Amino acid sequence: MGYFIGFLIIFLLIISIFLLFPVRLYINYTKDGKSSLSTADIKYMFFKFRIYPSGKPKKEKEKTEKAPVSFEERKTALGKYIEIFEAIKQDAIKILDYATSKALVIEKIGVNVEFGFEDAMNTGIFTGLINGFVYNILGIIHHRARLEEMNVNIQPVFGNPCFKTQIRCILRLKNVHIIIVAVNVLKLLRVMKKIKGGR
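The structure presented is a predicted model; accordingly, all values stated were derived computationally and were not measured. Sequence order as written defines residue numbering, which begins from 1 separately in each chain. Totals for whole chains, interfaces and linings use every residue, but because this is a predicted model, local features are given only for residues with pLDDT of at least 70 and side-chain atom pairs only at 80 or more, for both listing and counting. To obtain the side-chain values, all non-hydrogen atoms of the structure were used and water was disregarded.

> Pulling in residues and values, what's your account of the overall build of the protein?
Per the secondary structure count, the protein includes four helices and six strands. For helices the rule is a DSSP run of H or I covering at least 4 residues; for strands it is a run of E covering at least 2, with both sets numbered from the N terminus onward. Starting at the N terminus, the α and β elements of the protein follow one another as α-β-β-β-α-β-α-β-β-α. Within the span of the protein, comprising 199 residues, buried residues form 28% of the whole. Any two residues whose heavy atoms approach within 4.5 Å at even a single point are treated as in contact. Here the contacts in the protein between residues at least 6 apart in sequence split such that 77% fall between residues at least 24 apart. When the accessible surface of the protein is split by element, carbon and sulfur atoms take 63% of a total near 14200 Å². Using a 1.4 Å probe on the protein chains alone, a residue whose accessible area is under 20% of its type maximum counts as buried, one over 50% counts as exposed, and one in between counts as partly exposed. To measure how exposed things are, a 1.4 Å probe is used in the Shrake-Rupley method; for residues, cover is taken only from the protein chains shown.

> Talk me through the pairing of strand β1 (residues 23–31); I want residue IDs and the actual numbers.
Each regular strand shows side chains that alternate between the opposite faces of the sheet. Strands pair, by our definition, only if DSSP identifies at least two bridges between them. Relative to strand β2 (residues 36–44), β1 is paired through nine bridges, and the arrangement is antiparallel. Paired with asparagine 28 across the bridge in β2 is threonine 39. Here β1 runs beside strand β6 (residues 162–173); their pairing, made up of nine bridges, is antiparallel. Residue pairing in the sheet places asparagine 28 in a bridge with arginine 168 of β6.

> Could you give an account of the sheet that holds strand β5 (residues 150–156), naming the residues involved and the relevant values?
Ordered in space as β3-β2-β1-β6-β4-β5, the six strands form an open sheet in which the pairing is mixed. The sheet is open, and its two borders are formed by β3 (47–52) and β5, each paired with just one other strand. The average angle at which neighbouring strand axes cross in this sheet is 10°, direction not considered. With axes taken as lines fitted to C-alpha atoms, and helix axes fitted only over the stretch in contact, angles between N-to-C directions fall between 0 and 180 degrees.

> Run through the nonpolar core, naming residues and quoting values.
Here, nonpolar core refers to any group of buried Ala, Val, Leu, Ile, Met, Phe, Trp, Tyr and Cys residues whose side-chain atoms link them within 4.5 Å. Ile106, Ile109, Phe115, Phe126, Ile130 and Ile141 are the most contacted members of the largest nonpolar core, which has 29 residues in total. Elements that contribute at least two residues to this core include exactly α2 (71–102), β4 (104–116), α3 (120–144) and β6. Sorting elements by how many residues they give to this core places α3 first, with seven residues. Apart from the residues lying within four places of it in its own chain, the contact partners of isoleucine 109 are Leu138, Ile141, Leu147, Glu149, Met150, Asn151, Arg168 and Cys169.

> Hey, could you go over the layout of surface pockets for me, with residue numbers and the actual values?
In this analysis the probe radius is 1.4 Å and the grid spacing 1 Å, with only protein atoms considered; a cavity is a set of points the probe fits into but cannot get out of, a pocket is an open set with protein on both sides within 12 Å along at least five of seven lines, and lining residues have an atom within 4 Å of a point. Grid points are joined across faces, edges and corners, and a volume is the space filled by probe spheres set on the points. Taken as a whole, the second largest pocket encloses approximately 230 Å³ of empty space. Looking at the second largest pocket, it is lined by 13 residues, and the ones nearest its centre are Ile27, Asn28, Arg168, Cys169 and Ile170. If you list the elements that add at least two residues to the lining of the second largest pocket, you get β1, β2, β4 and β6. The dominant element in the lining of the second largest pocket, judged by the number of residues it contributes, is β6, at four residues. Residue composition of the lining of the second largest pocket, grouped by class: four nonpolar, six polar and three charged. All residues other than Ala, Val, Leu, Ile, Met, Phe, Trp, Tyr, Cys, Pro, Asp, Glu, Lys and Arg, Gly among them, are scored as polar; the first ten of these are nonpolar and the last four charged.

> For the confidence of the model for the protein, give the residues involved together with the corresponding values.
Think of pLDDT as the predictor's per-residue confidence, scored from 0 to 100. Of the residues in the protein, 68% reach a pLDDT of 70 or more, and the chain-wide mean stands at 76. Taken element by element, the predicted model of the protein shows its lowest mean pLDDT in helix α1 (residues 2–20) (53) and its highest in β5 (93). A low-confidence stretch, residues 57–62 stays under pLDDT 50, and its non-local contacts, those more than four residues away or across chains, total two contacts.

> Give me the pattern of salt bridges: which residues, what numbers.
Salt bridge, as used here: a side-chain nitrogen of Lys or Arg that lies within 4 Å of a carboxyl oxygen of Asp or Glu. Evaluated as defined, the whole model comprises four salt bridges. One salt bridge in this structure joins arginine 172 and glutamate 107, with 2.6 Å as the shortest N-O distance. In this pair, arginine 172 sits in strand β6 while glutamate 107 sits in strand β4, placing the two residues 65 residues apart along the sequence. With its nearest N and O atoms 3.4 Å apart, the salt bridge here joins arginine 172 to glutamate 148. A residue pair is termed long-range when its members are at least 10 positions apart, and arginine 172 in strand β6 and glutamate 148 in the loop between α3 and β5 qualify at 24 residues. The class of arginine 172 is partly exposed, set by a relative accessible area of 21%.

Next comes the structure, spelled out in structure tokens:
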């Protein structure tokens, strides 16, 4: 019996030591006028592996050249994202508050957006809209989370239709609370998908 208790204590100590090491989550999203790419990687101690997309990458079909997306289409799309943000805002804040008090440190957030329309006035209007949207989100994160580094570059290009976005994020999580945070994030993603798809 004494050997079993001793073994159990040693086993629990080993597990406790492993739980002390944080997990890092690397998230990357890139989109331009032709394609988009999202990746998520987890690093634990010396091991790093991709969790999204899983499996072998699918071959993308060749895309025919399309006309540049109009200002109204971009404005409508941004309005949809703002609608989603407003719908999940309070739930997202609750998750962020719990995560940052228990488990989460945001090591780095990087946002780069480059856009433009043929009409310089439309580019100016869109600059105001996208600045308000991006800084509204980052303002909440900055004031409620432990954020170590933030880089934002929103670059309007006048007279040249284009749209490129890149978002990079590194999160550091404590193992003990990962499951609780993950479950709540998944619930939030389901709500976002429902709103995006239409009610």
